Amino acid sequence: MKIKKNDKVLVITGKDAGKTAKVLVAMPKANKVVVDGVNVQKKHAKARSANQVSEIKSQSGAIDVSNVMVVCPTCDKATRVAYKVEGDKKVRVCKKCGALLDVAEVKEVKKAAKKATKKADATEATEKKPTTRKRTTKKVEAPAEDANA
Ligand SMILES: [Zn+2]
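Caption draft 1: Local environment of the overall build of the chain. When its secondary structure is counted, the chain shows two helices and ten strands. The secondary structure elements of the chain, listed N-terminal to C-terminal, are β-β-β-β-β-β-β-β-β-β-α-α. Counting every position in the chain, which comprises 149 residues, the buried fraction comes to 24%. The long-range fraction of contacts in the chain, counting pairs at least 24 apart against all pairs at least 6 apart in sequence, stands at 40%.

Now the structure itself:
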């Protein structure tokens, strides 16, 4: 699946067509995404204990990935997704401007550039943080990509 959590997407079909919002949940197995404020459904929640209040909650429902397009963070256009191999990593790039689509990866690249300039005063603590973050994003997102690529 080409859409990931935290992507900014444009909804192209359905009752929320034209909306741009962030992906809250990506469901690669079902090929669905939950987009903030899109396909809002009302849920009647009955109080189950004395301290709870019965209420009607509004929550975003899942929509099919084919109904959304990624909005490139660099050129701000809705685009299709191309893949590029950078080092030993497969990264998503914008088909229109060629910039990286992954906000995390863009940050990583920026951080790496910063680190290179700040290498003189780099402590062990700052060195450790990016590696743990990298591992968690890999775990969640890498298998999903492979299964649906
Ligand atoms: Zn772009």
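Caption draft 2: Broad picture of the environment of Cys 75. You can see Cys 75 is positioned in the loop between β7 (68-71) and β8 (78-79). Considering only alpha carbons, one finds Cys 75 and Gly 98, 23 residues apart in sequence, at a separation of 9.4 Å. When neighbours within four sequence positions are excluded, Cys 75 is seen to be in contact with Cys 94 and Cys 97.

Caption draft 3: Representation of the coordination of the zinc ion within the structure. Around the zinc ion, the donor atoms from the protein are Cys 72 (SG), Cys 75 (SG), Cys 94 (SG) and Cys 97 (SG), and they sit 2.2 to 2.3 Å away. Between the four donor atoms coordinating the zinc ion, the angles at the centre fall across 103 to 116°, so the site counts as tetrahedral. For the zinc ion, the donor residues sit on a single chain with the sequence spacing C-x2-C-x18-C-x2-C. On the criterion of sequence distance, the pair formed by Cys 75 in the loop between β7 and β8 and Cys 97 in the loop between β10 (89-94) and α1 (103-118) is long-range, its members being 22 residues apart.

Caption draft 4: Looking closely at the sheet that holds β7. Strand order across the open sheet formed by six strands is β6-β3-β2-β1-β7-β8, with antiparallel pairing between neighbours. Looking along the sheet, the strands with just one partner apiece sit at the ends: β6 (62-64) and β8. Relative to β6, strand β3 (residues 32-35) is paired through three bridges, and the arrangement is antiparallel. When the sheet's bridge partners are listed, Val 34 is paired in β6 with Ala 62.

Caption draft 5: Region of the structure containing the pattern of salt bridges. Counting across every chain of the model gives six salt bridges. Beyond isolated ion pairs, a larger network of salt bridges with shared partners links Lys 4, Asp 7, Arg 92 and Asp 102.

Caption draft 6: How the structure looks around the side chain of Thr 79. Looking at the secondary structure, you find Thr 79 in strand β8. A distance of 3.2 Å separates the side chain of Thr 79 from the backbone nitrogen of Lys 95, its partner in a polar contact. Ignoring sequence-local partners within four residues, the contact set of Thr 79 consists of Met 69, Val 70, Cys 72, Cys 94, Lys 95, Lys 96 and Leu 101.

Caption draft 7: Region of interest: a positive patch on the surface. A cluster of basic side chains, namely Lys 2, Arg 80, Lys 90 and Lys 95, defines a positive patch on the protein surface. Counting through the fold element by element, Lys 90 comes out in strand β10.

Definitions and limits used
- Residues numbered from 1 in each chain as written.
- Predicted model: local features only at pLDDT ≥ 70, side-chain atom pairs only at ≥ 80, totals over all residues.
- Heavy atoms only, no water.
- Helix = DSSP H or I, 4+ residues; strand = E, 2+ residues; numbered from the N terminus.
- Buried < 20%, exposed > 50% of the residue type's maximum accessible area, 1.4 Å probe, protein only.
- Contact = heavy atoms within 4.5 Å.
- Donors = N, O, S within 2.8 Å, 3.2 Å for Na, K, Ca; no water.
- Tetrahedral: all angles 85-135°; square planar, octahedral: opposite > 155°, others 65-115°.
- Pairing = 2+ DSSP bridges.
- Salt bridge = Lys/Arg side-chain N within 4 Å of Asp/Glu carboxyl O.
- Polar contact = N/O pair within 3.5 Å; in protein donor to acceptor, adjacent residues only side chain to side chain.
- Patch = residues over 30% accessible without salt bridge, like charges linked within 9 Å, V, L, I, M, F, W, Y side chains within 5 Å.
- Areas by Shrake-Rupley, 256 points an atom, 1.4 Å probe, with all protein chains shown as cover.
- Lys, Arg positive; Asp, Glu negative; His and termini not counted.
- Charge placed at Lys NZ, Arg CZ, Asp CG, Glu CD.

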